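Summary of the model geometry
Read off the chains here:
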Amino acid sequence: MATQLVRRDALKLATAAISLVPSASVLAADVTTTKPTQLLRASWTATDGFSDASFIQFDEGAYAAMRDDEKRTPLFERAIQQRLAAAPPNTLTVLDLGTGPFALLALVAARAGAKKVYTIEANKEAANRAREALEKAKVTNVEVIEGFSTAISLPEKVDLLVAEIAGSIASEEGAYATICDAQARFLKRPNDSASYIPTRIETLAAPCSYAIHYALGPPAFDWTKLKEPVRLNCRDESMQLLASPQLLESIAFADPQLPSAGLLPAQPPLTWTVDGERVASNARVFYEELKREGVTGAEAIALSDGVSRSFSGLAMWARLRIDLGMNAVDCPLMARDCLPHQVLSPLMSSECHLIASLIRCSAR
Ligand SMILES: C[S@@+](CC[C@H](N)C(=O)[O-])C[C@H]1O[C@@H](n2cnc3c(N)ncnc32)[C@H](O)[C@@H]1O
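What you see is a predicted model, and the numbers here were worked out from it, not measured in a lab.

**Some remarks on the overall build of the protein**
- In terms of regular secondary structure, the protein is built from 10 helices and 17 strands.
- A burial count over the protein gives 43% of its 364 residues as buried.
- A separation of at least 24 residues holds for 84% of the contacts in the protein among residues at least 6 apart in sequence.

Structure (structure tokens):
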């Protein structure tokens with residue numbers, strides 16, 4: 001039987017301490033006093049071990065968008081085909097964990113010569129639809145098992161695990177627990193990176209300006225009532241990065257020392273340097289956006305200048321790493337400047353901060 005992992009209702013996954021350091025070119029003129037660095041903190045919740053899968057919802061559009069993503073899906077296809085081509089046909093077994101309604105990656109594996117493909121899918125509707133898709137495709141060596149992977153047993157261990165289970169923050173949908181459990185129970189060679197596609201999921205983070213946060217504040221609008229981080233489509237221009245992204249977490253699926261549920265180690269704070277060129281180019285983006293909204297002239301200039309010099313929180317997004325042969329390839333889910341289909345940002349406080357005031361707070 002499956003190992004029962006203890007689910008904690010909400011795990012404080014990590015606390016990101018942010019320290020913004022000015023780049024002299026943009027902000028030196030604003031530094032009028034020096035004070036100790038002010039640390040702002042944000043925390044967010046994530047699933048950590050399971051007793052339910054309530055975070056999973058059936059969203060036809062989202063599944064179809066993933067299937068039709070011309071940058072993502074062909075990379076998975078190539079990686080699966082390459083991996084299966086490395087062994088004689090009909091010899092390797094595959095698990096597609098989280099197959100979705102189209103049994104997309106399972107079908108690729110079956111067609112690429114897998115001996116047997118198991119799929120696990122927690123969402124009932126998606127599992128039913130996956131069965132229909134397989135029937136329609138007349139594929140007979142793929143089996144759909146409905147349920148959460150941590151509560152499911154397979155009749156045999158597999159050679160390859162294919163799993164697209166990263167959230168906006170890579171680990172927010174229980175990836176640590178899912179992968180720890182899969183290593184222990186599903187893989188023949190759990191600590192070999194060739195056993196996994198992708199081989200690694202990561203979270204990138206960068207401080208951001210968020211126009212709506214700048215525009216709406218107390219007393220008229222109370223952002224603290226928003227218990228969740230803001231989630232935006234990457235094409236939403238109302239959020240722009242203030243600095244280059246940095247790696248916040250990196251989960252190697254073959255890592256023999258993945259932390260167990262609830263035992264994530266504390267991380268050192270990250271420090272970003274605000275990029276002057278970004279601030280200037282963000283101001284232009286915000287200005288164009290305002291023009292589209294019908295705001296023009298001095299008002300548009302003042303607003304775009306203000307929001308481009310404001311800091312709202314940390315933008316975070318997931319990156320998948322797929323090994324094609326010897327080369328690691330970033331699955332380019334990112335549509336603009338490294339931002340993927342969804343960006344998440346916990347806001348740091350009820351009001352955004354002007355970068356200048358943060359700079360004055362830094363010990364410079
Ligand atoms: C992002 S979708 C990927 C769908 C499809 N594999 C693809 O690549 O287009 C992730 C799917 O994994 C399922 N899922 C996530 N974690 C799971 C787990 N531990 N056990 C079973 N299903 C899981 C979700 O229900 C969802 O259908």
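**With respect to the nonpolar core**
- Of all hydrophobic cores here, the largest spans 77 residues; its most connected members are Ile80, Val94, Ala109, Leu161, Val162 and Ala315.
- Among residues more than four places away in sequence, those in contact with Ile80 are Leu105, Val108, Ala109, Ala112, Val162 and Ile197.

**Points about the confidence of the model for the protein**
- For the protein, mean pLDDT is 77; residues scoring 70 or higher make up 71% of the total.
- With pLDDT under 50 throughout, residues 1-37 is counted as low confidence; its partners more than four residues away or in other chains account for 95 contacts.

**Describing the sheet that holds strand S4 (residues 116-121)**
- The strand order S5-S4-S3-S6-S7 describes an open sheet built from five strands, whose pairing is parallel. What marks the edges here is a single partner per strand, and that holds for strand S5 (142-146) and strand S7 (196-197).
- With four bridges connecting them, strand S3 (residues 93-97) and strand S6 (residues 160-163) associate as parallel partners. Across the sheet, Asp96 pairs through a bridge with Val162, a residue of S6.

**A closer look at the site of the ligand**
- Around the ligand, the surrounding shell holds 20 residues, and the nearest of these are Gly98, Gly100, Ala122, Ser149 and Glu164.
- Mapped onto the shell around the ligand, the elements with two or more residues apiece are helix H2 (60-67), helix H4 (104-111) and S4.
- A per-class count over the shell around the ligand returns 10 nonpolar, six polar and four charged.

**Description of helix H8 (residues 276-292)**
- Relative to the 24 Å expected for 17 residues at 1.5 Å per residue, H8 spans 25 Å between its end C-alpha atoms, a close match to the ideal helical length.
- The complete set of buried residues in H8 reads Arg278, Val279, Asn282, Ala283 and Phe286. Along the axis of H8, the buried positions cluster into a sector of 140°, meaning they face one direction only. For H8, exposure combined with an orientation more than 90 degrees from the buried face picks out Glu277, Arg284 and Arg292.

**Thoughts on the packing of helix H3 (residues 73-85) against H4**
- Interhelical geometry of H3 versus H4 gives an angle of 35° and a closest axis separation of 9 Å. Remark: the crossing between H3 and H4 carries right-handed chirality. Between H3, through Phe76, Glu77, Ile80 and Leu84, and H4, the contact on the second element is made entirely by Leu105, Val108 and Ala109.

**Brief notes about the packing of H8 against helix H9 (residues 297-308)**
- Interhelical geometry of H8 versus H9 gives an angle of 135° and a closest axis separation of 8 Å. Judged by the inter-axis angle, H8 sits oblique to H9. Between H8 and H9 lies a crossing whose hand is right-handed. On the side of H8, the interface is formed by Val279, Asn282, Ala283, Phe286, Tyr287, Leu290 and Lys291, while H9 contributes Ala300, Ile301, Leu303, Ser304, Asp305, Val307 and Ser308.

**Side note on helix H6 (residues 175-185)**
- Along H6, nine of the 11 residues are buried, which leaves the element largely enclosed by surrounding structure.
- Within the span of H6, buried status applies to Ala175, Tyr176, Ala177, Thr178, Ile179, Cys180, Asp181, Ala182 and Gln183.

**A closer look at unusual backbone geometry**
- Here Ile197 and Pro198 are connected by a cis peptide whose omega angle stands at -5°.
- With respect to the secondary-structure elements, Pro198 resides in the loop between S7 and strand S8 (200-210).
- Phi is positive for Ala103, close to 45°, though the residue is something other than glycine.
- Note that Ala103 resides in the loop between S3 and H4.
- Overall, the presence of 29 C-beta atoms within 10 Å leaves Ala103 in the buried class.

**Describing the environment of Glu249**
- Residue placement: Glu249 occurs in strand S11 (residues 246-252).
- Once the C-alpha coordinates of Glu249 and Ile201 are considered, the two residues, 48 residues apart in sequence, prove to be 8.3 Å apart.
- Leave out the neighbours within four places in its chain, and Glu249 touches Ala170, Ser171, Glu202 and Thr203.

**A look at the environment of Glu288**
- Along the chain, the position of Glu288 falls in helix H8.
- On the neighbour-count criterion, Glu288 (13 C-beta atoms within 10 Å) is partly exposed.

**A few points about the pairing of S5**
- Direction of pairing for S4 relative to S5: parallel, over a ladder of five bridges. Bridging across to S5, Val117 finds its partner in Val142.
- A crossover links S4 with its parallel partner S5, the connecting element being helix H5 (residues 124-136), and its sense is right-handed.

Definitions and cut-offs
Residues numbered from 1 in each chain as written. Predicted model: local features only at pLDDT ≥ 70, side-chain atom pairs only at ≥ 80, totals over all residues. Helix = DSSP H or I, 4+ residues; strand = E, 2+ residues; numbered from the N terminus. Buried ≥ 20, exposed ≤ 12 C-beta atoms within 10 Å, placed from the backbone. Contact = placed C-beta atoms within 7 Å. Core = buried A, V, L, I, M, F, W, Y, C linked by C-beta atoms within 7 Å. pLDDT = per-residue confidence, 0-100. Pairing = 2+ DSSP bridges. Near = placed C-beta within 6 Å. Nonpolar A, V, L, I, M, F, W, Y, C, P; charged D, E, K, R; others polar. Expected span 1.5 Å × (residues − 1). Arc of directions from axis to C-beta. Axes fitted to C-alpha atoms, helices over the stretch in contact; angles between N-to-C directions. Left-handed = near helix turned anticlockwise from the far one by under 90°. Parallel < 35°, antiparallel > 145°, perpendicular 65-115°, else oblique. Right-handed = clockwise from strand over helix to strand, strands pointing away.

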